[in-house]
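An overview of the molecular structure
Spelled out, the chains give:
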Amino acid sequence: MIVAERKPFEEIKAMLSGYPRVLVVGCGTCVAVCLAGGEKEVGVLGAQLRIAAKMAGNGVQIDETTLERQCDREFMEPLAKDIGRYDALLSTACGAGVQLLAELYDDKPVFPALNTNFIGVAEGPGVWTERCRACSDCVLGLTGGICPVTTCSKGLLNGPCGGAVAGRCEVDPERPCAWGRIYDRLEATGRLDELAAVQPPKRHNIHVQPAQIVHLAYKRRYGL
Amino acid sequence: MSEQQFEPRILALICTFCTYTAADMAGSARMQYPATVRVVKYLCTGKVDVMHILEGFEAGADAVMVSGCEIGDCHYLEGNLRAKERVEHAKRLLEEIGLESGRLEMFHIGASDAPRWQEAVKMMTERAIELGPNPLRKLAEIEAAAAVAEEEPAPVRALAI
């Protein structure tokens, strides 16, 4: 899922200065799971903002709401009836959600409360690591499920660079050599011969920015 | 505010099985301690939420005490351990916004330890006096008085969507 982290409090506070009525809009999906922007975190952030504002003698109204998610319009449409009461929105969604919220309510300033970091997994409670770079050209089937794009510092596709020292990457000794891990996993499952095939360079050109995907079944609907 | 005028208001979130019992015993034994605490009785401090603490400060509490069983003796096994972690986290949240983390403290007071309850309240009272009143206290009192006067409910912050 998308993993994000709340911005430093001072940065958020500075964004909101000058806006007396703010609605903090939370997201109940990825950012809730990584404990950054879900209902609980929205409650805490709202309380912190109100306390900080009152300490500074500012009269502000900070209200809170948490939506299922902010990457689908239908979850944000119900906000329309109350949005007139606010001068600004503070979204605790990932970058995608913040943008869709801003698009839907484009007459209001929308501020991001989080920094969106990566696509990753939970290693344990409270720890998330990057696993996927969304390269649009997945080779995980060939590498025993270990991504050479995110876990190899050099992003190599055809085996180790040979610079590893005691199994640690020469670029970043904090990391194990990704290709060492790939080799070990394929060896353990008797699939080493799969490594013999030479992989061509990554097709970086198929990932255009901003990327868009239209599902096959919907192409006709959009005249494609 | 001079020391004489400022009477701290301390919110105490305490568990039924240990700290409340100790406080009760202190009362029965007529142990003297400052009349600054307002007690909220939880079955277990494991139910104390970080929001309860923040809301306490927002409502104008000068200090908040969370007090549960001694480590290893929690009636519900690990509630006091959770409370301990949450209090530590809440302290970080307070520091972030410039409210002194010394206003919040976790205690572990066994059911028979009335003297420790007395000590804890005295200590938090002194600390609250030293740190001064909660900057939000005046405003919270005004808001509360206004709500009562106008017979209006307190402002609702969460939208029902």
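Our structure is the block above this text.
In this report, we go over the structure that sits alongside the text. Model, not experiment: these values are computed from the prediction.

Observations regarding the overall build of chain B
When you go through chain B residue by residue, the secondary structure sums to five helices and four strands. Computed over C-alpha atoms, the radius of gyration of chain B comes to 16 Å, within 12% of the 15 Å expected from 2.2 N^0.38 for 161 residues, which places it in the range of a compact globule. With respect to the principal axes defined by its C-alpha atoms, chain B has extents near 45 × 45 × 30 Å. Looking at chain B as a whole, 39% of its 161 residues qualify as buried. Contacts in chain B between residues at least 24 apart in sequence constitute 80% of all its contacts with a sequence separation of at least 6.

Section: the interface of chain B and chain A
With 18 residues of chain B at the interface, the matching set in chain A holds 17 residues. Breaking the side of chain B that touches chain A down by element, the ones donating at least two residues are α2 (50–58) and α3 (79–97) of chain B. Ranked by the residues each element gives to the side of chain B that touches chain A, the list is headed by α2(B), at six residues.

Quick word on the sheet that holds strand β3 (residues 61–67) of chain A
All names here are of chain A. Taking strand neighbours across the sheet as the criterion, the four strands line up as β3-β2-β4-β5 in an open arrangement whose pairing is parallel. With partners counted over all chains shown, the strands left at the sheet margins are β3 and β5 (110–112), one partner each. When the angles between neighbouring strand axes are averaged without regard to direction, this sheet yields 25°. The pairing of strand β2 (residues 21–27) with β3 spans seven bridges and is parallel. Along β3, the bridge assignment pairs Val24 with Glu64.

Considering the nonpolar core
The biggest cluster of nonpolar side chains holds 81 residues, and the ones touching the most others in it are Val31(A), Ile10(B), Val64(B) and Met65(B). In terms of residues, this core owes the most to one element, helix α3 (residues 39–55) of chain A, which gives seven residues. When neighbours within four sequence positions are excluded, Ile10(B) is seen to be in contact with Thr36(B), Val37(B), Arg38(B), Ala61(B), Asp62(B), Ala63(B), Met65(B), Met124(B), Thr125(B) and Ala128(B). Core analysis: the second largest hydrophobic core is formed by seven residues, Ile146(A), Cys152(A), Cys177(A) and Trp179(A) among them.

So, how was this worked out
- Residues numbered from 1 in each chain as written.
- Chains lettered and ligands numbered in written order.
- Predicted model: local features only at pLDDT ≥ 70, side-chain atom pairs only at ≥ 80, totals over all residues.
- Helix = DSSP H or I, 4+ residues; strand = E, 2+ residues; numbered from the N terminus.
- Rg over C-alpha atoms; globule rule 2.2 N^0.38 Å.
- Buried ≥ 20, exposed ≤ 12 C-beta atoms within 10 Å, placed from the backbone.
- Contact = placed C-beta atoms within 7 Å.
- Pairing = 2+ DSSP bridges.
- Axes fitted to C-alpha atoms, helices over the stretch in contact; angles between N-to-C directions.
- Core = buried A, V, L, I, M, F, W, Y, C linked by C-beta atoms within 7 Å.

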